[in-house]
Amino acid sequence: MSGDTKIAIDVREAVKRYGDFTALKTISLSIMDNEFFTLLGPSGCGKTTLLRMIAGFEDVTEGAIYLYGDEIAGLPPNKRPVNTVFQNYALFPHMTVLENVAFGMEMRGRSKSDARKRAGEMLDLVQLQQFAARKPSQLSGGQQQRVALARALAPEPKVLLLDEPLSALDLKLRKAMQLELKHLQRETGITFIFVTHDQEEALTMSDRIAVMSAGELQQLGSPTDIYERPHNMFVADFIGETNLLEVSVDAIKEGRATCHLGGGHELTCNAVDGIGIGSKVHMSIRPERLYMSDSPAEAESLKGRVKENIFVGTDITTIVDLADGPDFTVRTSNSDRGNKRIFEPGAEMFVNMERGAGRLLVD
Amino acid sequence: MSNNSFDIRAYTGFRAITFLCLAILYAPLVVVTIYSFNASQSLTNWEGLSLRWYVEVFTGPESAKFKTAARNSFIIAIIAATTATILATLAATAMVRGGKFRLRTLSFGLISLPLMVPEIVLAVATLIFFNSIGLDRGLLTILLAHIAFCIPFAYLPISARMQGIEDSYEQAALDLYATKRQAFTKILLPLMMPGIISGFLLAFIVSLDDFIITNFVKGAGVETLPTAIFGSVKQGIKPNIMAISTLLLLVSIVMVTISYLVSKKDNTK
Amino acid sequence: MAAGAASGGSATTDTYKEARTWLLMPAWVTLTILVLAPVLMMLVYSFLTKEFRGGVIWEFSLSAYDQFFFDRGLFGDDPPKIEWTYITIFWRSIWQAGAATLLSLVIGFPTAYFIATRSPQMRPVWVFLITIPYWVNLLIRTVSMKFLLRDEGPLNDALIGIGLLDDPLRIINTNFAVQLGLFYSYLPFMVLPIYAAVERYNFALSEAAADLYASKWTTLRRILLPAIKPGVVAGCILVFVPSMGSFLAPDLLGGAKNFMIGSLIEEQFKGNAGNWPFGAAASMILLTMVLIILMISARQQAKADRA
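Analysis parameters
Residues numbered from 1 in each chain as written. Chains lettered and ligands numbered in written order. Predicted model: local features only at pLDDT ≥ 70, side-chain atom pairs only at ≥ 80, totals over all residues. Heavy atoms only, no water. Helix = DSSP H or I, 4+ residues; strand = E, 2+ residues; numbered from the N terminus. Buried < 20%, exposed > 50% of the residue type's maximum accessible area, 1.4 Å probe, protein only. Contact = heavy atoms within 4.5 Å. Areas by Shrake-Rupley, 256 points an atom, 1.4 Å probe, with all protein chains shown as cover. Lys, Arg positive; Asp, Glu negative; His and termini not counted. Charge placed at Lys NZ, Arg CZ, Asp CG, Glu CD. Pairing = 2+ DSSP bridges. Axes fitted to C-alpha atoms, helices over the stretch in contact; angles between N-to-C directions. Buried area = accessible area lost by both parts, 1.4 Å probe. Salt bridge = Lys/Arg side-chain N within 4 Å of Asp/Glu carboxyl O. Polar contact = N/O pair within 3.5 Å; in protein donor to acceptor, adjacent residues only side chain to side chain. Nonpolar A, V, L, I, M, F, W, Y, C, P; charged D, E, K, R; others polar. 1 Å grid on protein atoms, 1.4 Å probe; cavity = no way out; pocket = protein on both sides within 12 Å on 5 of 7 lines; lining within 4 Å. Points joined across faces, edges and corners; volume = space filled by probe spheres on them. Phe/Tyr/Trp six-rings, centres within 6.5 Å; stacked < 30°, edge-to-face > 60°. Lys NZ or Arg CZ within 6 Å of the ring centre and 35° of its normal. Parallel < 35°, antiparallel > 145°, perpendicular 65-115°, else oblique. Left-handed = near helix turned anticlockwise from the far one by under 90°. pLDDT = per-residue confidence, 0-100.

*Asks:* It is not clear to me how the overall build of chain A should be interpreted in this structure. Could you clarify?
*Replies:* Each helix and strand counted, chain A has eight helices and 20 strands in total. For chain A, the spread of C-alpha atoms along the three principal axes comes to 75 × 45 × 40 Å. Per-residue burial for chain A yields a buried fraction of 52% across its 363 residues. Across chain A, every contact between residues at least 6 apart in sequence was considered, and the portion connecting residues at least 24 apart equals 65%. Accessible surface, chain A: about 16000 Å² in total, of which carbon and sulfur atoms supply 47%. Treating the 41 positive side-chain charges of chain A as one cloud and the 50 negative ones as another, the clouds have centres 6 Å apart.

This is the structure in structure tokens:
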């Protein structure tokens, strides 16, 4: 991040407790102006709580939240220039689509006709102008979703909060909406804070992702960072598929760590700060960073036997039984079948690891 | 419904009992309705259709008494039901949208108290109370007593309705710069309307129908329809009573039907 | 009126928590003044001295309770002797209410079950059909019942007309007429809670029982009934409690021989007896009994909810 980019939302050591239960343990993070920022984590990790604290529906037990430099922790939701797209949309059922979209602007004191005019423009933006006079119940799920978006964007909030807005849509519509959301964010230049438990959705849309678990921030970074360089077990396991191997670190030399795993197999990978010689840690290797061959083809090559091939459409997943070691998952893209080999179950072969594929994790 | 020869849900005879149940429930009402159109002076003999008893209700010697009683009944029912509905709506908002608080269970107990105390006991208590504070028995005492026991009848459908409305609508309104008052009047209240109407109608019917409490707290010479009918019946059932009963029955059925249709209409979908 | 089975509802949010005191205040004040205070005042009156022809003298006295339970009081020179007149009236009320409850259960359970197993669209219609008569004026319903059952009434006319009977059935002014009237007054209170319980019941359990060789009636007895017991208990209480204190059915259908608590109490205030402290004491005894029943059932319900 460059130094002169403004910070849209600054969460400083925010804590949320409900009685004895701590929902959020001392979180600090800065969300930049014009950023598509995602809070990612399993249900109950505290991501929605954090979002609702920013929106003003939950108060902050300790710490502070700043919106473009102003502390907002004490303000009620109707005093915050922040709008939310709710998980179930919460479109007012007794109002038309147009009335829904105009509502926020009317509440901010704009005249009825002015608000309606602007609402019409917003409906243009989400291509729903012809549905302006309908009731929300007469729209499909995807259309309701777009009305909710238009309604939240219409008062020109400084930050838009999206609480799992796509979770109610089917897969195809979800994919289309992911792109549309991304476009809308670029077009409007508004900071989006998006909450989801779907890692694929997060990777597709976000500029940066905060991975959360059990009320704590696990890792903050770009989608590539998070996927390629997970910090810890949780992030590696939660994002994508991976082989998690128990290893002990034997030596560290010139930024490379030499480790061994059960059965005496030896692997090397980049050293990580905080993991010293003698540590027993986990190594993550993404299955698509492995390939199979008749004879060793890389510096890191392990002998094994094919247990099973599973066809999953775009890929073939192969489960490999390593001699005296753990099972490995290897993924071969179907488009790669020209230069990468698939072995029949029972065949002996070597599993090769691309350089830099292994990643040591703190627990 | 499946028509399998073996339906785990179906028990022989249950259908018959259900129809018997309906027959028992409706037979007296149907019979009275039919006999209210009897041309005969005597109760027993059927002498063909006639509207003479309805004419008698409106023009006969007792018509003045019943007209006054009916006016009293309707005025009391309208005021009592309106007041109870307003109190119940406010109370339901606190109970359903007011978070957890210590007095919540106690408040619910207080609201449902008129349902838990047997009617005759409530009648005695109210009479004693008015007597001890020196309030003369009359229309006012009837009205006050009716407001009290109408509250739970208005409260139950209203609070049930409010529980069915997700609070995300109000949160969305707050998020869109509405104040809490605006979120209440512009969002919650319109969504609650079916519950409020049905609460009002039930309270109205309960007030219109009440006999026992009214009989205790009414002053001498002040009558509502049920007490006037009771006084008349004590001297024997007369055909004009059946005509009045049929009219009152019609009012109740119309009100309950409206209440049912309104509450069925879910304006959140 | 009957006891409310509905709970306060646990689904609550706190949007209006700042205003809740003000929102509740009108209802609190109204109900405290018009219900709670009168009940307390009634308690006070039951310990006062009666004035001739109604009203009270503000002088502490136990004579109302003494009159209720004892022929020769606790405070006389002779050993106390129990007065059976009023205890018998209470006992008859309990017995009549119990019979009415049983009758309601026998008819109401199959009805509730039948309704709950209709298609989801038809269920509200059935419930509506069952509840309509309840909303019709209780007085009118009771009068209608009396008209129908009279010795020269349409029922007897019909039965004699088709040759089933030679002489009319004497139903009016019997215990059975009162039970029938009570049953008719409060039947929906039996049907609705049972209906609600059966509707929530997971019929896969019955299927599992049938799959494991249970007959239909065994399934009903061993699987369904235990599952919906809270609904059945609630229904019985909702019929029993108002039946016990009812006034119209015994007064109009029972006649003088079948006096129940309601009439006894009424007589103290509206009738010739004019003994207010005694009426207040009888009301207190009735209220206490009802509250005990409600408390026991609330405790049972809470225990069932926890389990």
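*Asks:* What exactly am I supposed to notice about the sheet that holds strand β19 (residues 348-353) of chain A here?
*Replies:* What links the strands of a sheet is backbone hydrogen bonding, and the strands pair in either a parallel or an antiparallel sense. Residue and element names in this part refer to chain A. Taken together, the five strands give an open sheet; going across it, the order is β15-β19-β16-β17-β18, and neighbouring strands pair in antiparallel fashion. Each end of this open sheet is capped by a strand with a single partner; those strands are β15 (290-293) and β18 (327-333). Shown here is a sheet whose adjacent strand axes are inclined to one another by a mean of 45 degrees, direction ignored. Of the pairings in the sheet, the one linking strand β17 (residues 315-322) to β18 comprises seven bridges and is antiparallel in character. Of the residues in β18, the one forming a bridge with I316 is T332.

*Asks:* Where do I start with the interface of chain C and chain B in this structure?
*Replies:* Buried accessible area, meaning the area lost when the parts come together, often serves as the stated size of an interface. Of the residues lining the interface, 97 residues belong to chain C; the matching set on chain B comes to 103 residues. Between chain C and chain B, roughly 9600 Å² of surface is buried when both sides are summed, and carbon and sulfur atoms account for 76% of that area. Where chain C packs against chain B, one counts two salt bridges. For the salt bridge of C:E18 with B:K180, the shortest nitrogen-to-oxygen distance reads 3.2 Å. Applying the counting rule to chain C against chain B returns 15 residue pairs in polar contact (both at pLDDT 80 or more). Considering each element in turn, the side of chain C that touches chain B owes the most residues, 19 residues, to helix α1 (residues 20-45) of chain C. When its residues are assigned to classes, the side of chain C that touches chain B shows 64 nonpolar, 18 polar and 15 charged.

*Asks:* Honestly, empty space enclosed by the protein in this entry has me stumped. Any pointers?
*Replies:* Empty pockets left among the atoms are what a rolling probe the size of a water molecule brings to light. Residue and element names in this part refer to chain A. Evaluated as defined, the whole model comprises five cavities of 30 Å³ or more. By volume, the second largest cavity is sized at about 50 Å³. Every residue along the wall of the second largest cavity is listed here: Y227, E228, P230, S284, R286, R289, A357 and R359. Its residues assigned to classes, the lining of the second largest cavity comprises three nonpolar, one polar and four charged.

*Asks:* Is there a simple way to think about the interface of chain A and chain B in this case?
*Replies:* Opposite the 27 residues of chain A that make contact, chain B presents 20 residues. On the chain A side of the interface with chain B, the three residues burying the most area are A:N78, A:P93 and A:M107, jointly 30% of the side's total. Inspection of the chain A/chain B interface yields zero salt bridges. Summed over the shared surface of chain A and chain B, the number is eight residue pairs in polar contact (both at pLDDT 80 or more). Residues belonging to the side of chain A that touches chain B are distributed by class as follows: 16 nonpolar, seven polar and four charged.

*Asks:* Looking at this structure, how should I read the packing of aromatic side chains?
*Replies:* Working definition: an aromatic ring pair is given by the centre-to-centre distance plus the angle between the planes. Applying the stated criterion across every chain, the model contains 42 aromatic pairs over all chains. Judged by centre distance (5.3 Å) and plane angle (50 degrees), the ring pair of C:F269 and C:W276 falls under tilted. In this pair, the class of C:F269 matches that of C:W276, namely buried. The aromatic ring of A:F92 is capped on one face by A:R151, whose charged end is 4.6 Å from the ring centroid. Taking NZ or CZ as reference, C:R141 lies 5.8 Å from the ring centre of C:Y184, over its face.

*Asks:* What is the right way to look at the packing of helix α1 (residues 14-35) of chain B against helix α7 (residues 175-200) of chain C in this model?
*Replies:* The packing of two helices is summarised by the inter-axis angle and the distance between the axes. Interhelical geometry of α1(B) versus α7(C) gives an angle of 120 degrees and a closest axis separation of 11 Å. Classified by the angle between their axes, α1(B) and α7(C) sit oblique to one another. In terms of crossing hand, the pair formed by α1(B) and α7(C) is left-handed. Contacts between α1(B) and α7(C) involve B:C21, B:I24, B:L25, B:P28 and B:L29 from the former and C:F183, C:Y184 and C:L187 from the latter. In the contact of α1(B) with α7(C), the residues fall into eight nonpolar, no polar and no charged.

*Asks:* Can you walk me through the sheet that holds strand β5 (residues 70-71) of chain A in this structure?
*Replies:* Residues and elements named next belong to chain A. Here we have four strands laid out as an open sheet, ordered β2-β1-β4-β5, and antiparallel in their pairing. Sheet topology places β2 (21-32) and β5 at the edges, where each strand pairs with a single neighbour. Alignment of strand β1 (residues 7-18) against β2, held across eight bridges, turns out to be antiparallel. Note on β2: the bridge partner recorded for I7 is M32. Against the sheet, helix α1 (residues 47-55) touches β1, β2 and β4 (62-67), its axis set at about 115 degrees to β1.

*Asks:* What am I meant to see in the arrangement of the chains here?
*Replies:* Out of two pairs of chains that touch, the pair holding the most contacts is chains B and C. Here chain A and chain C are not in contact; the least distance found between their C-alpha atoms is 9 Å.

*Asks:* Is there a simple way to explain the confidence of the model for chain C in this structure?
*Replies:* Caution applies to low-pLDDT parts of the model: their predicted coordinates are not meant to be read in detail. Residues and elements named next belong to chain C. Of the residues in chain C, 93% reach a pLDDT of 70 or more, and the chain-wide mean stands at 84. For chain C, per-element mean pLDDT is lowest for strand β3 (residues 70-72), which scores 72, and highest for α1, which scores 94. Low confidence marks residues 1-11, where pLDDT is under 50. Its contacts with residues over four positions away, or in another chain, come to 30 contacts. Model confidence for the complex: the whole-complex pTM is 0.83, and ipTM, which rates the interface, is 0.87.

*Asks:* Got a minute to help me understand unusual backbone geometry in this structure?
*Replies:* Peptide bonds are trans in most cases, and residues, glycine excluded, mostly fall at negative phi. Residues other than glycine seldom take positive phi values, yet A:A214 does so here, at roughly 50 degrees. Its location among the elements puts A:A214 in the loop between β9 (208-213) and β10 (216-221). Look at B:Y177: it is not a glycine, yet its phi comes out positive at around 75 degrees. The residue B:Y177 is located in the loop between α7 (168-175) and α8 (180-209) in this model.

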